[in-house]
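Geometric and topological summary
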Amino acid sequence: MNQSIYPCLWFNQRAKEATKFYRTLFSDSEITAENILVSLMEIEDQKLLLLNAGPEFVPNPSASLFVNCKSEEEIEKLCLSFTEEGKVLMKLARYNWAEKYAWVKDKYGISWQLFYKPGKERKKIRPSFMFHGSNAGRASEAIGFYTSVFPNSGVKEIIRYSEDENQNVNFIKYSDIFINEFDIILFDSALKYKSQLNESFSLVIECETQDEIDKYWLELSKKGSEGRCGWVKDQFGISWQIVPKVLHELVSDEMKAPKVVNKLMGMGKLNIRELIEA
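Treat the numbers as computed from the prediction; the structure is a model and nothing was measured.

**Some thoughts on the pattern of salt bridges**
Proximity of charged atoms lets side chains of opposite charge pair with each other. Tallied over the entire structure, the rule returns 18 salt bridges. Between Glu141 and Arg138 there is a salt bridge, and its shortest N-O distance comes to 3.2 Å. The partner of Lys173 in a salt bridge is Glu165, and the shortest N-O contact between them spans 2.6 Å. The exposure class of Glu165 is partly exposed, given its relative accessible area of 23%. The structure contains a network of salt bridges with shared partners spanning Arg122, Arg126, Glu157 and Asp176.

**Brief notes about the environment of Phe171**
Position of Phe171 relative to the elements: it lies in the loop between strand S10 (154-160) and strand S11 (172-179). For Phe171, a relative accessible area of 12% gives the class buried. Through-space distance from the C-alpha of Phe171 to that of Tyr161 is 6.3 Å; in sequence the pair is ten residues apart. Apart from residues lying up to four places away in sequence, Phe171 is in contact with Ala136, Gly137, Arg160, Tyr161, Asp188, Ser189 and Ala190.

**So, the packing of helix H1 (residues 15-25) against helix H2 (residues 72-83)**
Packing of H1 against H2 leaves a shortest axis separation of 11 Å and a crossing angle of 155°. With respect to H2, the element H1 is oriented roughly antiparallel. In this structure, H1 meets H2 at a crossing whose hand is right-handed. Here Phe21, Tyr22, Thr24 and Leu25 of H1 come into contact with H2, specifically with Lys77, Leu78, Ser81 and Phe82. A class-by-class count of the residues in the contact of H1 with H2 yields five nonpolar, two polar and one charged.

**What about the sheet that holds strand S12 (residues 182-188)?**
Consider a sheet: its strands pair through backbone hydrogen bonds, and that pairing is either parallel or antiparallel. If you trace the eight strands from one edge of the open sheet to the other, you get S6-S7-S8-S5-S9-S12-S11-S10, paired in mixed fashion. Of all the strands in the sheet, just strand S6 (87-95) and S10 have a single pairing partner and so form its edges. The mean angle between the axes of side-by-side strands here comes to 20°, regardless of whether they run parallel or antiparallel. Bridge analysis of S6 against strand S7 (residues 98-105) gives five bridges, and the strand direction is antiparallel. Among the inter-strand pairings, Ala93 is bridged to a residue of S7, identified as Tyr101. Lying over the sheet, H2 contacts strand S5 (63-68), S6, S7 and strand S8 (111-116), oriented at roughly 15° with respect to S7.

**Observations concerning the nonpolar core**
Grouped together as the largest cluster of nonpolar side chains are 59 residues, with contacts concentrated most on Tyr22, Phe82, Trp112 and Trp240. Ranked by residues supplied to this core, first place goes to helix H3 (residues 139-149) with six residues. Contacts of Tyr22, omitting those with residues within four sequence positions, involve Phe11, Met41, Leu50, Phe82, Asp106, Tyr108, Ile110 and Trp112. Counting residues in each nonpolar core, the second largest holds 20 residues, with Tyr6, Cys8, Val204 and Val260 among its members.

Definitions and limits used
Residues numbered from 1 in each chain as written. Predicted model: local features only at pLDDT ≥ 70, side-chain atom pairs only at ≥ 80, totals over all residues. Heavy atoms only, no water. Salt bridge = Lys/Arg side-chain N within 4 Å of Asp/Glu carboxyl O. Buried < 20%, exposed > 50% of the residue type's maximum accessible area, 1.4 Å probe, protein only. Helix = DSSP H or I, 4+ residues; strand = E, 2+ residues; numbered from the N terminus. Contact = heavy atoms within 4.5 Å. Axes fitted to C-alpha atoms, helices over the stretch in contact; angles between N-to-C directions. Parallel < 35°, antiparallel > 145°, perpendicular 65-115°, else oblique. Left-handed = near helix turned anticlockwise from the far one by under 90°. Nonpolar A, V, L, I, M, F, W, Y, C, P; charged D, E, K, R; others polar. Pairing = 2+ DSSP bridges. Core = buried A, V, L, I, M, F, W, Y, C linked by side-chain atoms within 4.5 Å.

Next up, the structure:
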């Protein structure tokens, strides 16, 4: 699958276990790569990276995976499976925007929005980011920013809150946008939540050239912050991993991987030439 942007989920030493669990829930899925640090899988047309890390960052509903279900049977099955050792955030029911919808948290803390509406054709899985607290009302600004930074970007749909929804009518209830042909959902909420966006849910950008890395590093960290190992956090709190496309090949080489990882750990912005020569 040639997909240059995809979600990365942070797990506290349970990435392999989670990958196998998700594999059982989606029939059209496969595990494409796995090592001590990460598991890479595909669910229909969406690539997911599961990071085997530590307890530093805890998932929360500010970032979730939105699943477009094909049938009532599928949404009911997924809801039951995710909540068996997880939690219901919004119960499975009919809403004015969906035949059936549920917001749930699985046993690993990952949030999923399950959606079923006949005739609503969308990609199977899309990352969804909620702008609340100090971020509330900034979804429109974020849409403008992301579609200006990435090529092949645009807006598919924007829906604002109505007056009877106990929300600010200027806030975005739902937006479906694409950046470099990658679909994401952004929306606002005036409701109070304890947790904000953090590194537990990030977006990976695979770059062909050093110029691409330099560009995205500069643009996304502007008004945000620079991190280590290719990570940046943008002005809205969304984390990005800006990596060379060749990185997966380098860390898959058993002889070369330790030197590459050691070199990578000492970097902020990643340098393709130095990683290859490690």
